[in-house]
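In case you want the letters, here they are:
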Protein chains: 2
Amino acid sequence: MEAAEKVFAEAGFGGATMQLIADMAGLPKANLHYYFATKEELYRKVVARIFEIWLHAADTFDNAPGPVEGIGAYIDAKMDISRRHPFGSKVWASEVMHGAPVIQDYLETTLREWTAGRIAAIQRWIDEGRLAPVDPRHLLYMIWATTQHYADFGHQIETLNDGKPLSEKQWKAAKDSVKEIILRGIGADATPV
Amino acid sequence: MEAAEKVFAEAGFGGATMQLIADMAGLPKANLHYYFATKEELYRKVVARIFEIWLHAADTFDNAPGPVEGIGAYIDAKMDISRRHPFGSKVWASEVMHGAPVIQDYLETTLREWTAGRIAAIQRWIDEGRLAPVDPRHLLYMIWATTQHYADFGHQIETLNDGKPLSEKQWKAAKDSVKEIILRGIGADATPV
DNA sequence: TCGTTTTCTGACCGTATGGTCAGGGTTGAC
DNA sequence: GTCAACCCTGACCATACGGTCAGAAAACGA
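Think of each chain on its own: its residues are numbered from 1, step by step along the sequence as written. To label them, take the chains in the order written and letter them from A, then take the ligands in the order written and number them from 1. With the structure being a predicted model, the display of local features is reserved for residues of pLDDT at least 70 and the display and counting of side-chain atom pairs for 80 or more, all residues being used for whole-chain, interface and lining totals. Side-chain metrics rest on all non-hydrogen atoms present in the structure, leaving aside hydrogens and water.

### With respect to the relation of the copies chain A and chain B
To line up the copies, we fit them by least squares on C-alpha atoms, keeping just the residues with pLDDT of at least 70 in both. Superposition of chain A onto chain B requires a rotation of 180 degrees combined with a translation of 0.0 Å along the rotation axis, giving an RMSD of 0.1 Å. Classification of the inter-copy transformation places it as that of a two-fold axis. Measuring from the rotation axis to each C-alpha of chain A, the shortest distance belongs to Gly185 of chain A, at 1.8 Å. By definition, residues are in contact when any of their heavy atoms lie within 4.5 Å. A symmetric contact is evident, with 100% of the interface residues of chain A recurring at the interface of chain B.

Spelled out as structure tokens, the structure:
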């Protein structure tokens, strides 16, 4: 599964070959087919696993006393996922970019509900005057886009960092920068209770 | 070229076939090979074309009197590109996600220089007290990520918009939201001259 | 120990793909 | 009208891929 995640991320669904995945996992191709009947089935399971992790990051959102903690923790969580699961993030991005042929049902059910719930929560904070009156939907998109950018475009970022991966310190700086700009951008830091 | 851009965007490099591109362009496959010797050559030209458009959007940055106009116009330009060239954006994203095997040299030369220049410009504004002291690099990443998200993840956004593409009005709202949050996030709107 | 179920594997197959090529059209200069 | 340069195309390869299968190992239960 991990081998598959990596290969799918690096080569895309079309570019990935069962042989390559099998080699990377140290298995004969036929044995891989024993566990996963088809390439698509394997791919679907890889994507589903990522979606789970991704949804799980939202827990922080719910148990927060206010927008600064909630959104701040959510950004932290998503940045951590980008760092720890860059391959998964890429597979997800690839899948959505190609029109989500495999996980369209997830988008229409789970993701749609999840999004509606979070938008409502943000709107509540706005109504309470704890956030500037921004459009919650676009705020969410911005958080998704920015945090996932550090995984999906990690190669570009690395190149612009003199070819070296971000250090521990740089990751922290990135997290803080993202949080700072977004939280100030929605007027959240200006109202520390 | 347009057909290729679309096919590469929808299927990825590996998933795209010369036959498909040829069909979409209304050409026999052999004729396509007459103009583009190999699939990779065609792909390289598609990517290069996008990169040009992408760099061109930066012009707005330079001729601006201040950060609000400069960054605001840059965001506008990038949002417009996402809307008008969604396929190109996807191809670019795909290329970078797969480690930029084809355009690594661009990243190391043109993009690196371009980025350094913009970072310097932003830093100048910060030094002049016209912007909050944010990290210019991460600000740039946020702008790239967010604006391109509307192209690359357009399918997801569409799904979350009841399956309908964003209307003229919604695009304007998106642009305004992005600008509002980012500009406020960097303390730019608070200093209207 | 023996039979049965599960796990594994090398060899194989049909298909689709990137790319080639010989030759037929078309155009335009003189 | 002729010739050369360029443009176009159907038919054709070699390869690589996803997937199959017969049967060998291994694991397990009694």
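### Looking at unusual backbone geometry
Residue and element names in this part refer to chain A. A positive phi angle is found at Ala100, which is not glycine, with a value near 50 degrees. Helical segments are the DSSP runs of H or I of at least four residues, strand segments are the runs of E of at least two, and each set is numbered from the N terminus. By secondary structure assignment, the location of Ala100 is in the loop between helix H7 (86-97) and helix H8 (104-127). Relative accessibility decides the category of a residue: with a 1.4 Å probe and only protein chains considered, values under 20% of the type maximum give buried, values over 50% give exposed, and everything between is partly exposed. Residue Ala100 is classed as buried on the basis of its relative accessible area, which comes to 1%. A positive phi angle is found at Asp162, which is not glycine, with a value near 60 degrees. The residue Asp162 is located in the loop between helix H10 (154-159) and helix H11 (168-185) in this model. In this structure Asp162 comes out as exposed when scored by relative accessible area, which is 57%.

### Let's talk about the protein's contact with DNA strand D
We call a residue near a molecule or strand when any one of its heavy atoms sits within 4 Å of it. Residues in close proximity to DNA strand D total 13 residues, the closest being Lys29 and Lys39 of chain A together with Ala30, Tyr34 and Tyr35 of chain B. Each atom of DNA strand D within 4 Å of the protein belongs either to a base or to sugar and phosphate, the latter forming 57%. In the analysis that follows, any N or O atom pair within 3.5 Å is treated as a polar contact, provided that within protein one partner can donate a hydrogen and the other can accept it, and provided that, for residues neighboring in sequence, both atoms belong to side chains. Between DNA strand D and the protein, one listed contact pairs a phosphate oxygen with a side-chain N or O atom of Asn31 of chain B at 3.1 Å. For the surface near DNA strand D, the elements supplying multiple residues, two or more each, are helix H3 (29-35) of chain A together with helix H3 (29-35) of chain B. No other element matches H3 of chain B, which puts four residues into the surface near DNA strand D. Per-class residue counts for the surface near DNA strand D are seven nonpolar, four polar and two charged. The residue classification treats Ala, Val, Leu, Ile, Met, Phe, Trp, Tyr, Cys and Pro as nonpolar and Asp, Glu, Lys and Arg as charged. All others, Gly included, are polar.

### Structural notes on helix H7 (residues 86-97) of chain B
Expected helix span is given by 1.5 Å per residue-to-residue step, counting one fewer step than there are residues. For H7 of chain B, which comprises twelve residues, the first-to-last C-alpha distance of 16 Å matches the rise-based estimate of 16 Å (1.5 Å per residue) to within 8%. Count one or two residues on from H7 of chain B and you reach Gly99 of chain B, which has phi positive near 90 degrees.

### What about the packing of H8 of chain A against helix H9 (residues 136-152) of chain A?
Residues and elements named next belong to chain A. Here the axes come from fitting lines to C-alpha atoms, over the contacting stretch only for helices, and the angles between their N-to-C directions go from 0 to 180 degrees. The geometry of H8 relative to H9 is characterised by a closest axis approach of 9 Å and an angle of 115 degrees between their N-to-C directions. Crossing handedness for the pair H8 and H9: right-handed. From H8, Leu111, Trp114, Thr115, Arg118, Ile119, Ile122, Gln123 and Ile126 reach across to H9, where they touch Pro136, Arg137, Leu139, Leu140 and Trp144. Definitions for this section: a left-handed crossing has its near helix turned counterclockwise from the far helix by less than a right angle. A right-handed crossing has that turn clockwise.

### Quick look at the pattern of salt bridges
When the charged atoms of two side chains lie near each other, side chains of opposite charge can form a pair. Just to be clear on terms, a salt bridge is a Lys or Arg side-chain nitrogen sitting within 4 Å of an Asp or Glu carboxyl oxygen. Here the structure, examined in full by the defined rule, presents 18 salt bridges over all chains. Two residues, Lys172 of chain B and Asp176 of chain B, come together in a salt bridge whose shortest N-O distance is 2.8 Å. One end of the pair, Lys172 of chain B, and the other, Asp176 of chain B, are both in helix H11 (residues 168-185), four residues apart, so they sit about a helical turn from each other. A residue is classified by how much of its surface remains accessible, and Lys172 of chain B, at 51% relative accessible area, is exposed. In the salt-bridge network here, residues are joined through shared partners; they are Asp76, Asp80, Lys175 and Lys179 of chain A.

### Section: the environment of Lys39 of chain B
Residue and element names in this part refer to chain B. Of note, Lys39 is situated in helix H4 (residues 39-56). Looking at Lys39, the relative accessible area reads 22%, which means it is partly exposed. For Lys39 and His98, which are 59 residues apart along the polypeptide, the C-alpha to C-alpha distance reads 17 Å. Polar contacts involving the side chain of Lys39 include one to the main-chain carbonyl oxygen of Phe13, which spans 2.8 Å.

### Here's the deal with the packing of aromatic side chains
Note on aromatic pairs: the rings of Phe, Tyr and Trp (six-membered ring only in Trp) are paired at centre separations within 6.5 Å, and the planes decide the class, stacked below 30 degrees, edge-to-face beyond 60, tilted for the rest. Within this structure, the stated rule accounts for 34 aromatic pairs over all chains. Summarising the aromatic geometry, the rings of Phe51 of chain A and Trp92 of chain A are spaced 5.1 Å apart at their centres and angled 10 degrees between planes, so their arrangement reads as stacked. With Phe51 of chain A in helix H4 (residues 39-56) and Trp92 of chain A in helix H7, the pair connects residues that are 41 residues apart, well separated along the chain. Pair check on accessibility: Phe51 of chain A and Trp92 of chain A agree, each one buried. One aromatic cluster is present, formed by Phe51, Trp54, Phe61, Tyr74, Trp92, Tyr106, Trp114, Trp125, Tyr141 and Trp144 of chain A together with Tyr150 and Trp171 of chain B through successive ring pairs. When the ring centre of Phe13 of chain A is taken as reference, the NZ or CZ atom of Lys39 of chain A above it lies at 4.7 Å. Charge-over-ring contacts are defined here by two conditions on Lys NZ or Arg CZ: a distance within 6 Å of the ring centre and an angle within 35 degrees of the ring normal.

### Some remarks on the interface of chain A and chain B
Listed by partner, the interface residues are 57 residues for chain A and 57 residues for chain B. Take the accessible area each of two parts loses on contact, using a 1.4 Å probe, and add the two losses: that sum is the buried area. When chain A packs against chain B, the two sides together hide about 4600 Å² of surface, and 64% of this comes from carbon and sulfur. Considering only the surface of chain A that becomes buried against chain B, Met97, Leu160 and Ile181 of chain A emerge as the three largest contributors, covering 17% of it. Linking chain A with chain B are zero salt bridges. The tally of links between chain A and chain B comes to 16 residue pairs in polar contact (both at pLDDT 80 or more). For the side of chain A that touches chain B, the secondary structure elements donating two or more residues are helix H1 (2-15), H7, H8, H9, H10 and H11 of chain A. A total of twelve residues in the side of chain A that touches chain B trace back to one element, the largest contributor, which is H9 of chain A. Grouping the amino acids of the side of chain A that touches chain B by side-chain chemistry returns 27 nonpolar, 20 polar and ten charged.

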